[in-house]
Protein chains: 2
Amino acid sequence: MHSYGQYCPVAKGAEIFADRWTPLILRELLADVHRFSDLYRGLPGISRSLLVSRLRQLERADVVERRPAASGAAAGYHLTEGGRELRPVVMALGEWAARRAFGDPEPADLKPEVLMGWIARRVNRDLLPDRRVLVRFDLRDTPKRWWWMILEAADVSVCRQDPGFALDLSVTAGLADLYRLWLGRVSFDEARADGSVRVEGATALVRAFPRWLGLSPLAPAVRAGAR
Amino acid sequence: MHSYGQYCPVAKGAEIFADRWTPLILRELLADVHRFSDLYRGLPGISRSLLVSRLRQLERADVVERRPAASGAAAGYHLTEGGRELRPVVMALGEWAARRAFGDPEPADLKPEVLMGWIARRVNRDLLPDRRVLVRFDLRDTPKRWWWMILEAADVSVCRQDPGFALDLSVTAGLADLYRLWLGRVSFDEARADGSVRVEGATALVRAFPRWLGLSPLAPAVRAGAR
DNA sequence: CAGTATCCTCGAGGATACTG
DNA sequence: CAGTATCCTCGAGGATACTG
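Summarised in this report is the structure supplied together with it. Computed from a predicted structure; not experimentally measured.

## Looking at the sheet that holds strand β4 (residues 146–151) of chain A
Residue and element names in this part refer to chain A.
Next, step 1: Spatial strand order, β5-β4-β3-β6-β7: 5 strands in an open sheet with mixed pairing. Whereas interior strands pair on both sides, the edge strands pair on one side only; in this sheet they are β5 (156–159) and β7 (197–201). The mean inter-strand angle of the sheet, taken between neighbouring strand axes irrespective of direction, is 20°.
Next, step 2: Alignment of β4 against β5, held across 4 bridges, turns out to be antiparallel. Paired with I150 across the strands is S157, a residue of β5.
Next, step 3: On the sheet, helix α7 (residues 112–122) packs against β3 (133–139), β4 and β5 and is oriented at approximately 15° with respect to β4.

Structure follows, in structure tokens:
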């Protein structure tokens, strides 16, 4: 970690926070991603060794704590109390960018596996019905179009193969359209109205789906910036 | 500027903000430092070419605007409206660090010329008397001990030579003590009580001095973190 | 004062293969 | 799954001298 050689809180904070990849690693940890492989998959472009090195730096700064596998619990990285207090910093940065540095998506920034992970993690599980729901996403403009999401109160998981049991809902959208919706650049009503996102299935489920879908925590800021 | 290749506000914000030196440059601009040489002097350790390159990046990001010299006004760098909106981000980072990553000063972090600049810029000029006040600082544990500060409602300036006119106040302190005071780690009363900072001169001026001295904007957070 | 131009260094981090 | 070990590259940025 680079030292600025200044006795100033902004300098000390920047030494810890303002390093390549670190804000994104904190974003993942704040979104309750804890396992090394999940962090790695959520940050395409980082190398395994750089991720390890950043996590070690954050451990030394008392922001992250590595919990070895215990009975029942998998090993993983967790924010300390001090680390959790970085949420307002990450949010302030994201809110600023949502308003001031966030345009329409560039194709190179759109990654189906990243978006599917974001969506799955933010599903409002307490609003789900008392049974397993299977949703298929058809990202019609991508090479590997089909994604399945299994929604249960206990867990939401994503897979690339048809799990084989009965489909409840089918969502059809362009990749950019689904990104725009989840990030709040367009509302569900707008996306439905212009046909960019289509949801099909039993009427009750189609109606419930928008409530299950938890948008990005930055969706309100993106929405405000898009007007 | 490095791209993270993600359509996410935190990523886009980090591309602009979370780069080496950038948070400190923004701190200076937010503190109304505008001239290239003043920015350079406030960031010991940066090279001229790196400062130029960071300022250019911030111009491209629409955060900074370079105003060429006009009649009466010197050339300088100014925050755009979007740039000024980064203040909550810089403050959130500083407040976090003040609470969680800010201990007692390391000798290598203490630089008299930096601290004198900070103090001069934050003097409460509207509380000054209706005349010029000359204050001499004796940083008794540093090689170049003597600093003079000329306080006027219109401007506060620092110099290394005795300006020659009558001295109003004399402040004697160790360098670390003066840093601790200005950053809020100790209060004026505590510093006076333990003798770490001594102020001498006419009684009325000695009484008024603590009100003239505007502490760091992060002093409340440092104070809260130091207990 | 406010930079630019040139040359060069070194260390951050990538690529790849391997491991408990 | 969660890393470590090794080797190597390249580009960010330092040093220095110069300029309108």
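## Brief notes about the protein's contact with DNA strand C
Next, step 1: In the neighbourhood of DNA strand C, 13 residues make up the surrounding shell, with S47 and R54 of chain A together with S37, R48 and Y77 of chain B lying closest.
Next, step 2: Considering DNA strand C, the proportion of its atoms within 4 Å of the protein that are sugar or phosphate atoms stands at 80%.
Next, step 3: In this structure, a phosphate oxygen belonging to DNA strand C sits 2.9 Å away from a side-chain N or O atom of Y77 of chain B.
Next, step 4: Counting residues per element, the ones that place at least two in the surface near DNA strand C are α4 (48–60) of chain A together with α3 (36–42) and α4 (48–60) of chain B.
Next, step 5: Residue classes in the surface near DNA strand C are distributed as 4 nonpolar, 2 polar and 7 charged.

## Examining the protein's contact with DNA strand D
Next, step 1: If you check the shell around DNA strand D, you find 14 residues, and the closest are S37, R48 and Y77 of chain A together with S47 and R54 of chain B.
Next, step 2: A distance of 3.2 Å is found between a phosphate oxygen of DNA strand D and a side-chain nitrogen or oxygen belonging to R66 of chain A.
Next, step 3: Those elements that place two or more of their residues in the surface near DNA strand D are α3 (36–42) and α4 of chain A together with α4 of chain B.
Next, step 4: When grouped by side-chain class, the residues that make up the surface near DNA strand D number 5 nonpolar, 2 polar and 7 charged.

So, how was this worked out
Residues numbered from 1 in each chain as written. Chains lettered and ligands numbered in written order. Predicted model: local features only at pLDDT ≥ 70, side-chain atom pairs only at ≥ 80, totals over all residues. Heavy atoms only, no water. Pairing = 2+ DSSP bridges. Helix = DSSP H or I, 4+ residues; strand = E, 2+ residues; numbered from the N terminus. Axes fitted to C-alpha atoms, helices over the stretch in contact; angles between N-to-C directions. Contact = heavy atoms within 4.5 Å. Near = heavy atom within 4 Å. Polar contact = N/O pair within 3.5 Å; in protein donor to acceptor, adjacent residues only side chain to side chain. Nonpolar A, V, L, I, M, F, W, Y, C, P; charged D, E, K, R; others polar.

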